[in-house]
Amino acid sequence: MAVDDSFPLLYSRTQHFTLGNPRSFAIAPGGHRVVFLRSASGTDARLHLWSLDIAGDECEEREIVDPTTLLVEGDESLSADERARRERIRESAAGIVAYSTDEAVRTAAFAMSGRLFTADLVNGTTREITTRTPVADPRLSRDGSTIAYVCSGELRVVAADGADDRAIATPDGDNVTFGLADFIAAEEFRRFRGHWWSPAGNRLLVERVDESAVGQWWISDPSDPAAESRSIRYPAAGTPNADVRLSIVDLDGRAVEVDWDRDALPYVVDVAWSNSMPPLVYVMSRDQATAAALSVDVETGATTPILEQHDDAWVERVDGAPRWTPDGRLVHVEDADDVRRLVIDGTVLTGADLHIRAVVDASDDAVVFVASSGVASSDTEIGETHVYRVAVDDRGRPPQRLSDEPGEHNAVCGGGLTVLTSATLTSSAQVTRVLRDDRPIVQVDSHAVEPGFAPRFELVELGDRRIPTVVQLPSGYADGDGLLPVLIASYAGPVVPTVLCSLRMQLLTQWFADQGFAVLVIDGRGTPGHSVSWEKAVRHDLAGPTLDDQI
């Protein structure tokens, strides 16, 4: 095989065969528009902004913004804040990597090369908004009239027509920023933003981060040994963390600090500010054994605990929870019967046959969530996650599965639509379907490159503990061909599962197998999605159970 045609090079150029897949969906309230990002091909890293216009069962794709038309000299320029933000998100694409919309999904705001742009999602026009630069993480107010953004640690606002660009929160020290997520929130809790609009668009909830006490590290660039090392503030284990505070900030800059016991609960894990309810702040102790959901009084900054959680090992953070339903009921998850269960206002909605992985949507009538098989499930679905809907008030009705084919499934909901994204065993490309009333009305095209071969693998459970495992052999291997050396390809730790029911996830390990190895990928104790006890078996001993299971 020629070097230029090698699989490792193609794997790199396609960013693990993810380029060309649609992503980052926003759904208009009436369900007549779905906005998303997608690159032009499976080897093009620049993401374009698209709209899928829906009229009944008739659907039409329109390209809203081609990022190449907005670049002045052909290449993007990223500020230090934006580079750090992308590192935390694990963002390796280019172009329009993120955007925000107004509530009606008529306008989108995004940053490129530190410049601010808006796009009219109805007529397809784009305009640049003249502001201070570099712009990071622009967010439209829900009525679309104002954009909040971060510039050099300041939180600033500007009218959507470009008028009245001004700072509303300015750093009061060299290591202070406003409006950006702190390192621990982004790296460990998957919270990547640091400012949230009020429903009325007249104020924001803003994070202030002071890293003065955080230790300084120096990072060199292995791709450019001549480059000067750069300094970062890194909160190594056991050393001081950043000082994180929250404030309610009016558009004229008046601020009220949010009050809670920051000494006992210093981590701001998540923040949500829904249309009909006060802000909800989810905070946690440094040992992560205690967590609380706090309701915030926006006039005084006072907080009221509405949920308190404790676990002898740790409280697991679940994407999308806790959250309010529109009518003010609290949706959260709790560990019981060795699974993670869905709870609304104290009533358990799921049983021991499902293990909750994320909460996708919560309406007055139903909650949509992602789950894997629980300990009481009669089916062995190794490496699978599925999307479910459960009725809020009909307690006797079991959750309804929205995804069907074996694989990894996720969803975005809104406007009476569900955008269902699926990684399956039949294609290496992501399959994206738009559902109305659980009926597919259109499939959104993927431009991802096909690898040109099908991996040879089995999903099995091995040993007395029934450890989830992928077994891969060389493509041409036959029974009787003799023994093979074994490669163990495992992460086997918190947060990241590696045994996944997905064709794409087996491609790299198949390449290694084809060099003459048997490859084992195992999700030993410590990996998520199996059971609560499985995840927390590594408490105070990350290496022991993990290594025992690999052996």
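Our subject is the structure that appears above.
Not measured: the values here are computed from a predicted model.

Reading the values: rules and limits
Throughout this document, residue positions are counted from 1 along each chain, in the order its sequence is written. Totals for whole chains, interfaces and linings use all residues, but because this is a predicted model, local features are given only for residues with pLDDT of at least 70 and pairs of side-chain atoms are given and counted only at 80 or more. Side-chain descriptors were evaluated using all non-hydrogen atoms of the structure, hydrogens and water having been removed beforehand. Under the scheme used here, helices are H or I runs from DSSP no shorter than 4 residues and strands are E runs no shorter than 2 residues, and both carry numbers assigned from the N terminus. Here, residues are in contact when the closest pair of their heavy atoms is within 4.5 Å. Here a strand pair is declared whenever DSSP counts at least two bridges between the two strands. Between the N-to-C directions of two axes lies an angle of 0 to 180 degrees, each axis being a line fitted to C-alpha atoms and, for a helix, fitted only over the stretch in contact. Put simply, a salt bridge is a Lys or Arg side-chain nitrogen that is within 4 Å of an Asp or Glu carboxyl oxygen. Throughout, exposure labels follow a simple rule: accessible area from a 1.4 Å probe, protein chains only, divided by the maximum for the residue type, with under 20% read as buried, over 50% as exposed, and the rest as partly exposed.

Digging into the environment of V283
Then comes step 1: Checked against the element boundaries, V283 lands in strand β22 (residues 280–284).
Then comes step 2: Not counting the four nearest positions on each side in its chain, V283 is found in contact with W260, L265, Y267, V268, V269, T290, A291, A292 and L294.

Focus on the sheet that holds strand β10 (residues 136–140)
Then comes step 1: The antiparallel open sheet is built from four strands, whose spatial order is β10-β11-β12-β13. One side of each edge strand has no neighbouring strand; the edge strands of this open sheet are β10 and β13 (166–169). Shown here is a sheet whose adjacent strand axes are inclined to one another by a mean of 30°, direction ignored.
Then comes step 2: Pairing geometry for strand β11 (residues 146–151) and strand β12 (residues 154–159), over six bridges, is antiparallel. Note on β12: the bridge partner recorded for T146 is A159.

Focus: the pattern of salt bridges
Then comes step 1: On inspection of all chains with the given rule, the structure shows 41 salt bridges.
Then comes step 2: Measuring nitrogen to oxygen at the nearest pair gives 3.0 Å for the salt bridge that ties E128 to R115. With E128 in strand β9 (residues 126–129) and R115 in strand β8 (residues 115–120), this residue pair connects regions lying 13 residues apart in the sequence.
Then comes step 3: A relative accessible area of 38% means that E128 is categorised as partly exposed.
Then comes step 4: For D337, the salt bridge is made with R341, and the minimal N-O distance between the two is 2.8 Å.
Then comes step 5: On the accessibility criterion, D337 (52% relative accessible area) is exposed.
Then comes step 6: A cluster of three or more residues bridged by salt bridges with shared partners is formed by D172, R208, D243, R245, E257 and R262.

Focus: the sheet that holds strand β33 (residues 407–414)
Then comes step 1: In space, the four strands of this open sheet follow the order β33-β34-β35-β36, with antiparallel pairing throughout. Whereas interior strands pair on both sides, the edge strands pair on one side only; in this sheet they are β33 and β36 (439–444). Ignoring strand direction, the axes of neighbouring strands in this sheet form an average angle of 25°.
Then comes step 2: Here eight bridges tie β33 to strand β34 (residues 417–424), and the two strands are oriented antiparallel to one another. Its bridge partner lying in β34, C413 is registered against T418.

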